[in-house]
Protein chains: 2
Amino acid sequence: MADNTKDTKEDIKAPKPAANLQIKTPKGTRDWHGPDMLLREQLFQTVSDVFKRHGGTPLDTPVFELREILAGKYGEDSKLIYDLQDQGGELCSLRYDLTVPFARWLAMTSTQQVKRYHIAKVYRRDQPAIARGRMREFHQCDFDIAGVYDPMIPDAEILRIIVEVFDALKLGITIKLNHRKILDGLFAVAGVPAEKIRTISSAVDKLDKMPWADVKKEMVEEKGLPEEVADKIGVYVQNAGNITDIINYIKADADLPTNDDIKAGIHDMELLAAYLEALEVTDKVSFDLSLARGLDYYTGLIFEVINKPEPVADGDKKKKSKKDDPASQVGSIAAGGRYDNLVGMYGKKQIPCVGISFGIDRIFTILKARGENDIKKREVDVFVMAFGGGKDFDGLLVERMKIARQLWNAGIRAEYMAKAKPKLQAQFKAAEGTPLGVILGEEELKAGQVRLKKLDQGQGQKDEGNLVPIENLAEEVQKLLL
Amino acid sequence: MADNTKDTKEDIKAPKPAANLQIKTPKGTRDWHGPDMLLREQLFQTVSDVFKRHGGTPLDTPVFELREILAGKYGEDSKLIYDLQDQGGELCSLRYDLTVPFARWLAMTSTQQVKRYHIAKVYRRDQPAIARGRMREFHQCDFDIAGVYDPMIPDAEILRIIVEVFDALKLGITIKLNHRKILDGLFAVAGVPAEKIRTISSAVDKLDKMPWADVKKEMVEEKGLPEEVADKIGVYVQNAGNITDIINYIKADADLPTNDDIKAGIHDMELLAAYLEALEVTDKVSFDLSLARGLDYYTGLIFEVINKPEPVADGDKKKKSKKDDPASQVGSIAAGGRYDNLVGMYGKKQIPCVGISFGIDRIFTILKARGENDIKKREVDVFVMAFGGGKDFDGLLVERMKIARQLWNAGIRAEYMAKAKPKLQAQFKAAEGTPLGVILGEEELKAGQVRLKKLDQGQGQKDEGNLVPIENLAEEVQKLLL
């Protein structure tokens, strides 16, 4: 019967896998480990340090939401939402971004003012483009300021946060700015019928990817806009420069200054210009009348960050070709804007918001291409080894454990080889990359001592390390780690 | 036409929400913010510090896996898995735990040895019990050692990690231990037919929730076990105590020591006893022959951690009633074991593993009940305020921004009120909880100075703070923050 038992157990424990089973992660997803994971952790740390510096508090929401919460928020892109199967009970979908869950949270709590940040994964059934950092499961990293404040003060702080984040990452950026009211007013003045404003806006949004002639063709031939209206838009939206210059350009126009939306937008931009000056952000921004942003819910300032040298000064003209440079392939690396009506869509209360979303995976791709994950971060401080020879040598396993325990108690990161009788050579190999070694020998242990040795100088050296009394070991290790 | 435009835009921006739309998170899920979120972050930090001290490296996997990867791993509990809807392409499910994704990762990479940790959410369509910290979306926090090593060395380190984690959290624990081979051998010796071993094992697993009489009834009446076999099991599994005592009990038995599984298990437990002694874990463990653990994939040592005073010494007998104490309601707060065949189930390679999973949400519930999230962590260091009176006072907004910018540049967490002309009283209210205030006045600014004031002494005090030259402000603030 013992044999029977054994057979049954083996059957339970190790069933044959399906012959066609692919061992992989789902399409558009990946695992994170090793240098990539360490670089990602470092990136999260840098970004959240900046967020905290501005009084940000973390929020975490469930990975899925009621399907109705997401409905009607993403326009055409709704087809990219991952739905959970109906297994009885509520219908849910994976979150598509972090903004709608934030708005849902604001609508259901008593919060009136908050600076919240959220670093988490979001899900889109898009075509993956891994080299460019575009995945189906990817990270967003959002900072939003919600609440009623005086105009443009939170907006200016959001732009300041963008500058601090990319300064900390040593990435040159330009922040393209525009204002939804100015853009909408400009389309109205040019003669775009009200019902075509959104579709013309999304054509204009393509100006960073295709030349004006093609955009115009789309407007006239596909979207039925009269050619003279398209030409008028063409004149307007090809203007970009510093905020004051573009404000002056608009004010000098014969028609634009009479439009109410444009008046309101110009007032905002004038306030913003003064605040950005105080916050030392001015040099990084470009007021770009072609910036449109896809999402419907923006109501005021909109912005998009691209990774490139500041527009002001650029001495170094010898650049790698665009093809080799991942920065030129990833598109915008952060984007956001003001959305004053989204929370109100849930019918509970109205809270104006402005926020920024960092494309962490794209930023990761740039940092990685720059070689920043080559630095192997050491994982332990001390490797505890046994030295001894002869057939009687018992490997000192229990003694190595005791020494490691003493180091752990002092908060020191320590390891030993999980082998009862390891060879010295094997232990040195396992210790590679660890700065310190503690070497145990039977004679020294009898005298209450161990050898403490710096390993990063190379094991080839004949340095045997220093004899240290066991009771002082943790202290001596800490001195060397400083 | 301008009016038309306006109407259309309003329609786009603020559609009426469905009348029956519930603004909430899905059943069994929650948001995290404020004191709860800070306590959770602190908990994650404590746990990952211990993991790193033992050479652990982080792994992150996608929130969903190919459905076939999860298939056949969870026995009856498979019905609790969340499936994604079939929207074309691969069939996927949300992860049910972090162990199977780890095994999948091991199977598809070249990794032979690793200590990995993973703190992330997992998903089970279970009946939520929020008061006990049981949710449908909840955290797991796993540390596993994978690879071929000498017997029981990694197992002992896992138990040591458990002790370090709960020491750091100041939670008294008992670790219940058992060995699958000993348990299976014991059932075989008692006369349980091979095909009934798993079902009898799961009946025994209930001994911590129901009395022996009820467990016996289930075995005999529901599962058809002869009464004398059940009685024999009853004698065996009611034994628990320190490792050496239970080893001696088994060795002294007439039948048990002849079983090959038991022999192998005893050999493991003897090694473990020596290692736990060296690692100072002995006092926290109880070798409990009734511990069975539900999951099929365990092959060796199994363990479960309960939150209660150590079995050794307990002077304080005056405890709150069990009903009031969340610790008594949450069940096990960590559990794990050795699973040598799981990676091999993917047919690529065989890698033995041992690991522990911490029930972070249950631990959170206990810490919260202990009042640990009452401490309001301050979110900023400095609040920048303007002081002035009269109708001409302009609120010094741009000046407040400049001072904050200077503090941010020095890495100091600073805020100002987002109002152009704020009242002093309102600024003091907004600054509540912030340790330092910088107060700007027109006269002082002309002299290149600001006032730096400790706020936590109460604003009622007539202390006006110290005049500080603006160029030294960051430095002076840093001194006061130390």
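Residues numbered from 1 in each chain as written. Chains lettered and ligands numbered in written order. Predicted model: local features only at pLDDT ≥ 70, side-chain atom pairs only at ≥ 80, totals over all residues. Heavy atoms only, no water.

Quick notes on the sheet that holds strand 16 (residues 449-454) of chain A
All names here are of chain A. For clarity, the cut-off: For two strands to be treated as a pair, DSSP must find at least two bridges joining them. A run of H or I in DSSP becomes a helix once it reaches four residues, and a run of E becomes a strand once it reaches two; helices and strands are each numbered from the N terminus. To obtain each axis, a line is fitted to C-alpha atoms, and for helices this fit is confined to the stretch in contact; angles are then taken between N-to-C directions over 0 to 180 degrees.
Strand order in the open sheet formed by 5 strands is 14-13-15-16-17, with mixed pairing between adjacent strands. The open sheet has two edge strands, strand 14 (414-416) and strand 17 (466-469), and neither has a second partner. Strand-to-strand twist in this sheet, taken as the mean axis angle between neighbours without regard to direction, amounts to 30°. Relative to strand 14, strand 13 (residues 382-386) runs parallel, the two being bridged by 3 bridges. Across the sheet, V384 pairs through a bridge with Y416, a residue of strand 14.

A look at the packing of aromatic side chains
All names here are of chain B. Inclusion rule: In this scheme Phe, Tyr and Trp rings, the latter by its six-membered ring, pair at centre separations within 6.5 Å, and the angle between planes marks the pair as stacked below 30 degrees, edge-to-face above 60, and tilted otherwise. Each residue gets one of three labels from its accessible area relative to the maximum for its type: buried under 20%, exposed over 50%, partly exposed in between, using a 1.4 Å probe on protein chains only.
The final tally for this structure, using the stated rule, is 24 aromatic pairs over all chains. Consider the rings of Y74 and Y96, whose centres lie 4.3 Å apart with planes at 45°: the pair is tilted. Of this pair, Y74 sits in the loop between helix 3 (67-70) and strand 4 (92-94) while Y96 sits in the loop between strand 4 and helix 4 (99-108); the two residues are 22 residues apart in sequence, bridging distant segments of the chain. Exposure remark for Y74: the relative accessible area of 4% places this residue in the buried category. The exposure class of Y96 is buried, given its relative accessible area of 3%.

A short note on helix 6 (residues 180-190) of chain A
Residues and elements named next belong to chain A. In terms of burial, helix 6 is largely enclosed, as 10 of its 11 residues are buried. Turning to helix 6, its buried residues number three or more, namely R180, I182, L183, D184, G185, L186, F187, A188, V189 and A190. Positive phi shows up at G191, right after helix 6, with a value of about 105°.

Observations concerning the confidence of the model for chain A
Residues shown with low pLDDT carry predicted positions that ought not to be read at fine detail. Residue and element names in this part refer to chain A. In plain terms, the rule: On a scale of 0 to 100, pLDDT captures the predictor's confidence in every residue. We call two residues in contact whenever any of their non-hydrogen atoms come within 4.5 Å of each other.
Here chain A averages 88 in pLDDT, while 88% of its residues score no lower than 70. Note on residues 1-15: pLDDT is under 50 here. Beyond four places in sequence and across chains, it has 16 contacts. Within the model, the stretch residues 310-324 combines pLDDT values under 50 with 14 contacts to residues more than four positions away or in other chains.

Here we look at the nonpolar core
This is how it is decided: Note on terminology: a nonpolar core comprises buried Ala, Val, Leu, Ile, Met, Phe, Trp, Tyr and Cys residues joined through side-chain atoms within 4.5 Å.
In terms of nonpolar packing, the biggest core is built from 105 residues, with F166, L177 and I233 of chain B touching the most fellow members. Of all the elements, helix 5 (residues 153-168) of chain B adds the most residues to this core, at 9 residues. In this structure, F166 of chain B is in contact with L171, I173, V305, I333, A334, F358 and I363 of chain B, ignoring residues within four places of it in sequence. Of all hydrophobic cores here, the second largest spans 104 residues; its members include Y117, V163 and I266 of chain A together with I403 of chain B.

Some words on helix 4 of chain B
By the criterion of burial, helix 4 of chain B is predominantly enclosed, with 9 of the 10 residues buried. For helix 4 of chain B, the complete set of buried residues consists of T99, V100, P101, F102, A103, R104, W105, L106 and A107 of chain B.

Describing the sheet that holds strand 8 (residues 240-241) of chain B
The strands making up a sheet associate through hydrogen bonds between their backbones, and the pairing can be parallel or antiparallel. Strand order in the open sheet formed by 10 strands is 1(A)-2(B)-5(B)-6(B)-12(B)-11(B)-10(B)-7(B)-9(B)-8(B), with mixed pairing between adjacent strands. Of all strands in the sheet, those bounded by a partner on one side alone are strand 1 (32-33) of chain A together with strand 8 of chain B. Looking at chain direction, strand 10 (residues 301-307) of chain B and strand 11 (residues 334-339) of chain B are connected through 4 bridges and run antiparallel. Bridge pairing links F303 of chain B to G336 of chain B in strand 11 of chain B. Packed on one face of the sheet, helix 10 (residues 243-252) of chain B meets strand 7 (173-179), strand 8 and strand 9 (285-288) of chain B and runs near 20° to strand 9 of chain B.

Observations concerning the relation of the copies chain B and chain A
To keep things clear, this is the line we draw: Here the copies are superposed with least squares, the fitted atoms being C-alpha atoms of residues at a pLDDT of at least 70 in both.
With an RMSD of 0.1 Å, the fit of chain B onto chain A corresponds to turning through 180° and sliding 0.0 Å along the axis. Look at the turn and shift together and you get a two-fold axis relating the two. Same-surface contact between copies: 100% of interface residues of chain B are shared with the interface of chain A.

Points about the UniProt feature "binding site: L-histidine" (unreviewed entry) in chain A
Residues and elements named next belong to chain A. Spelled out, the test is: UniProt positions are given in the numbering used here, feature names are shortened, and annotations may be inferred rather than shown by experiment.
The positions that UniProt labels "binding site: L-histidine" (unreviewed entry) are, in the present scheme, D97, L98, T99, R124, Q140, D144, R293, Y297 and Y298. Relative to the helices and strands, L98 is located in the loop between strand 4 (92-94) and helix 4 (99-108). Filtering out sequence-adjacent residues up to four positions away, L98 remains in contact with R116, H118, A120, V122, Q140, C141 and D142. Here R293 shows up in the loop between strand 9 (285-288) and strand 10 (301-307). Ignoring any residue separated from it by four or fewer positions in sequence, one finds R293 in contact with R180, D205, Y298, I302, F303, E304, A335 and G336.

As for the interface of chain B and chain A
Using the following cut-off: Throughout, the accessible surface (probe 1.4 Å) given up by two parts as they are put together, summed over both, is called the buried area. One speaks of a salt bridge when a side-chain nitrogen belonging to Lys or Arg is within 4 Å of a carboxyl oxygen belonging to Asp or Glu. In the analysis that follows, any N or O atom pair within 3.5 Å is treated as a polar contact, provided that within protein one partner can donate a hydrogen and the other can accept it, and provided that, for residues neighboring in sequence, both atoms belong to side chains.
Taken together, the contact pairs 109 residues of chain B with 109 residues of chain A. Of the roughly 9800 Å² buried where chain B meets chain A, counting both sides, 61% is carbon and sulfur surface. Of all residues in chain B, the largest losses of buried area upon contact with chain A belong to I23, R53 and W408 of chain B, amounting jointly to 7% of the total for that side. Counting across the interface, chain B meets chain A through 12 salt bridges. As a salt-bridge pair, D60 of chain A and K121 of chain B come within 2.8 Å of each other at their nearest N and O atoms. Here chain B and chain A share 42 residue pairs in polar contact (both at pLDDT 80 or more) between them.

As for unusual backbone geometry
For L396 of chain A, which is not a glycine, the phi torsion comes out positive at approximately 50°. When you line up the elements, L396 of chain A lands in the loop between strand 13 and helix 14 (397-409). With a phi angle near 55°, K170 of chain B is a residue other than glycine that sits in the positive phi range. For K170 of chain B, the location among the structural elements is in the loop between helix 5 and strand 7. Accessibility expressed as a relative area gives 67% for K170 of chain B, which makes it exposed.

Concerning the pattern of salt bridges
What the rule picks out here adds up to 62 salt bridges over all chains. In this structure, the salt-bridge partner of K24 of chain A is E90 of chain B, at a minimum N-O distance of 2.7 Å. Placement of K24 of chain A in the loop between helix 1 (2-13) and strand 1 and of E90 of chain B in the loop between helix 3 and strand 4 is noted, with the two residues assigned to different chains. When its relative accessible area of 33% is taken as the criterion, E90 of chain B is described as partly exposed. Here E227 of chain B and K216 of chain B are joined by a salt bridge, their closest N and O atoms 3.0 Å apart. Taken together, the residues E227 of chain B in helix 9 (residues 227-237) and K216 of chain B in helix 8 (residues 212-222) connect sequence positions 11 residues apart. Take K216 of chain B: its relative accessible area is 18%, and that puts it in the buried class. Within the structure, one salt-bridge network assembled from shared partners comprises R40, K121 and E137 of chain A together with D60 of chain B.

A short note on the side chain of T111 of chain B
All names here are of chain B. Along the polypeptide, T111 turns up in the loop between helix 4 and strand 5 (114-123). Only 2.9 Å separates the side chain of T111 from the side chain of T109, close enough to count as a polar contact. Beyond its immediate chain neighbours, meaning those up to four positions away, T111 contacts W105, L106, K349 and I351.

Regarding the pairing of strand 6 (residues 137-146) of chain A
Residue and element names in this part refer to chain A. The element strand 6 is extensively covered by neighbouring structure, given that 10 of its 10 residues are classed as buried. The side-chain alternation of strand 6 yields two buried faces, one formed by E137, H139, C141, F143 and I145 and the other by F138, Q140, D142, D144 and A146. With 10 bridges joining them, strand 5 (residues 114-123) and strand 6 adopt antiparallel strand pairing. Counted as the bridge partner of H118 is D142 from strand 6.

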